[in-house]
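Observations on chain architecture
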Amino acid sequence: MLKDRISSSREYLERFGVDAILFVNLYNIRYLCGFTGSDGALLVTRDGGMFLTDSRYTTQAAQEVTRFPSREYRGKLEGIASYIQEYGAVRVGFESEQMSVAQFHALAGILPGIELVPIGTELTTLRQIKDVQELELLARSADLASRALLEICGEIRPGAKERDVALALEFAIKRGGGEEKAFDFIVASGTRGALPHGKASDKLIAAGELVTLDFGGVYQGYCSDETVTVAVGTPNERQREIYGIVKEAHDLALAAVQPGIQFRELDTIARDFITARGYGEFFGHGLGHGVGLEVHEKPVVSFRGEGEVKAGMVFTIEPGIYIPGWGGVRIEDTVIVTPDGYRCLTGVPKELMIL
Ligand code: ZN
Ligand code: ZN
């Protein structure tokens with residue numbers, strides 16, 4: 001698997017006419033060479049490359065990085081520069097969306113005569129199509145988080161603090177085998193539901209409220225992402241109506257997922273339905289995003305998204321309606337695109353759950 005990933009990264013050497021590509025982004029580094037530590041650099045060349053890290057990680061690198069030789073540096077940029085000079089590279093590509101301006105200038109300063117070639121968005125598509133090993137980890141990650149939510153449902157009750165619900169969920173994910181939470185969970189009850197990114201607060205959940213929970217865990221580096229909106233006590237007519245609209249928009253978009261459809265079309269399917277029901281202005285964000293080593297990665301599944309759905313992609317479908325002063329509903333699932341459709345990774349049933 002790593003072998004295939006490395007060869008697809010080498011295609012960029014040809015495309016950009018460079019002798020080497022310098023990776024400093026830790027997700028890309030993990031993807032290409034398996035290193036899980038918090039600092040390092042990877043140089044990929046036509047016939048090989050080098051993984052560089054500091055003394056804290058040399059032992060770990062020896063265990064994890066099997067397809068590249070490893071080398072220890074004292075100063076990161078100096079270490080990178082000396083390998084580039086030794087190798088004899090003249091043009092070196094770098095992740096222009098990841099490297100800081102300060103790093104770039106420092107590196108250019110110690111590498112006179114070597115041209116640094118920015119490779120931007122093209123490189124962020126490197127991880128878009130998941131391989132079999134990644135799909136397994138993503139499925140496991142999603143399953144862990146969905147189980148955790150079902151396990152702690154009893155905690156979502158009148159008088160419970162949003163923060164305590166978020167903590168119970170995080171604990172359940174970790175107890176189930178997750179390494180950590182994929183992001184700060186959203187637990188937004190009542191009128192706070194109108195905040196699409198309403199992080200869990202000290203607010204107490206009250207009877208008669210809808211509660212939106214957006215959560216995910218990390219399993220062997222891979223994230224999950226799911227949102228459920230539940231009713232605490234019997235929902236009123238408006239709550240049912242709005243939940244029903246979001247659910248139908250979610251189901252329609254989900255049913256359309258298959259290779260060949262444009263990301264924009266998927267967004268349109270959900271958005272047009274919500275707009276036709278009179279709530280278009282309350283659905284501000286895009287329909288979804290890719291999920292992998294990062295919880296938000298390519299592709300962009302929205303009205304801004306370019307390109308088409310391909311088998312092996314993993315992304316979310318998450319329409320929502322957010323009404324200031326009233327509250328909100330979001331429903332989110334993460335799916336794998338299969339050759340003839342999709343498979344849902346997230347597992348909490350999306351019929352309105354009444355607690
Ligand atoms: Zn989410
Ligand atoms: Zn999401």
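Located above this text is the structure these notes cover.
Here the residue numbers are simple positions, counted from 1 along each chain's written sequence. As they are written, the chains are lettered A onward and the ligands numbered 1 onward, keeping that order. It should be noted that, the model being predicted, local features are given only for residues of pLDDT at least 70 and side-chain atom pairs only at 80 or more, the latter also being counted only at that level, while totals for whole chains, interfaces and linings use all residues. The basis for the side-chain values is all heavy atoms of the structure; hydrogens and waters are excluded.

1. Topic: the overall build of the chain
Operational definition: Each helix corresponds to a stretch of at least 4 residues labelled H or I by DSSP, and each strand to a stretch of at least 2 residues labelled E; elements are numbered beginning at the N terminus. A radius of gyration in this sense is built from C-alpha atoms; the matching globule rule multiplies 2.2 Å by the number of residues raised to 0.38. Type-normalised accessible area, obtained with a 1.4 Å probe on protein chains alone, sets the label of each residue: buried when under 20%, exposed when over 50%, and partly exposed for intermediate values. It only takes one pair of heavy atoms within 4.5 Å for two residues to be counted as in contact.
The helix and strand inventory of the chain stands at 10 helices and 20 strands. Relative to a compact globule of 355 residues, whose C-alpha radius of gyration would be 20 Å, the chain shows 23 Å and is just as compact. If you line up the chain on its principal axes, its C-alpha atoms span 70 × 40 × 35 Å. The burial tally for the chain puts 55% of its 355 residues in the buried class. Once local pairs closer than 6 in sequence are excluded, the contacts in the chain between residues at least 24 apart make up 66%.

2. Here we look at the sheet that holds strand S6 (residues 115-119)
Short version of the rule: Should DSSP find at least two bridges between two strands, the strands are taken to pair. For helices, the fitted axis covers only the stretch in contact; all axes are lines through C-alpha atoms, and the angles between them, taken along N-to-C directions, range from 0 to 180 degrees.
Spatially, S4-S3-S2-S1-S5-S6 is the arrangement adopted by the six strands of the open sheet, whose pairing is mixed. Across the chains shown, the open sheet's two edge strands, defined by having one partner strand only, are strand S4 (70-72) and S6. Strand-to-strand twist in this sheet, taken as the mean axis angle between neighbours without regard to direction, amounts to 25°. Strand contacts of helix H2 (residues 26-33): strand S1 (20-23), strand S2 (41-45), strand S3 (49-53) and strand S5 (91-95), with the helix running at about 55° to S2, the strand carrying the most contacts.

3. Concerning the sheet that holds strand S12 (residues 226-231)
Backbone hydrogen bonds hold the strands of a sheet together, and the pairing may be parallel or antiparallel. Strand order in the open sheet formed by four strands is S8-S9-S12-S20, with mixed pairing between adjacent strands. The outermost strands of the open sheet, each flanked by one partner alone, are strand S8 (186-189) and strand S20 (353-354). As defined by bridge partners, S12 adjoins S20 across two bridges and the pair is classed as parallel. Across the sheet, residue Ala 231 finds its bridge partner in S20, namely Ile 354.

4. As for the packing of aromatic side chains
Note the following rule: For this analysis, a ring pair means two rings from Phe, Tyr or Trp (six-membered ring only for Trp) whose centres lie within 6.5 Å, classed as stacked if their planes differ by under 30 degrees, edge-to-face if by over 60, and tilted for the remaining angles.
Under the criterion given, the structure shown has eight aromatic pairs. With a centroid separation of 6.5 Å and 15° between ring planes, the pair formed by Tyr 12 and Phe 16 is classed as stacked. Taken together, the residues span about one helical turn, with Tyr 12 and Phe 16 both in helix H1 (residues 2-16) at a distance of four residues. For the pair shown, Tyr 12 and Phe 16 are each scored as buried. Aromatic side chains Tyr 83 and Tyr 87 sit 6.1 Å apart centroid to centroid with 20° between the ring planes, which places their arrangement in the stacked category. Separated by four residues within a single helix, Tyr 83 and Tyr 87 lie in helix H4 (residues 76-87), roughly one turn from each other. What makes Tyr 83 buried here is its relative accessible area of 8%. Among the aromatic residues, ring-to-ring pairing joins Phe 35, Phe 51 and Tyr 57 into one connected group.

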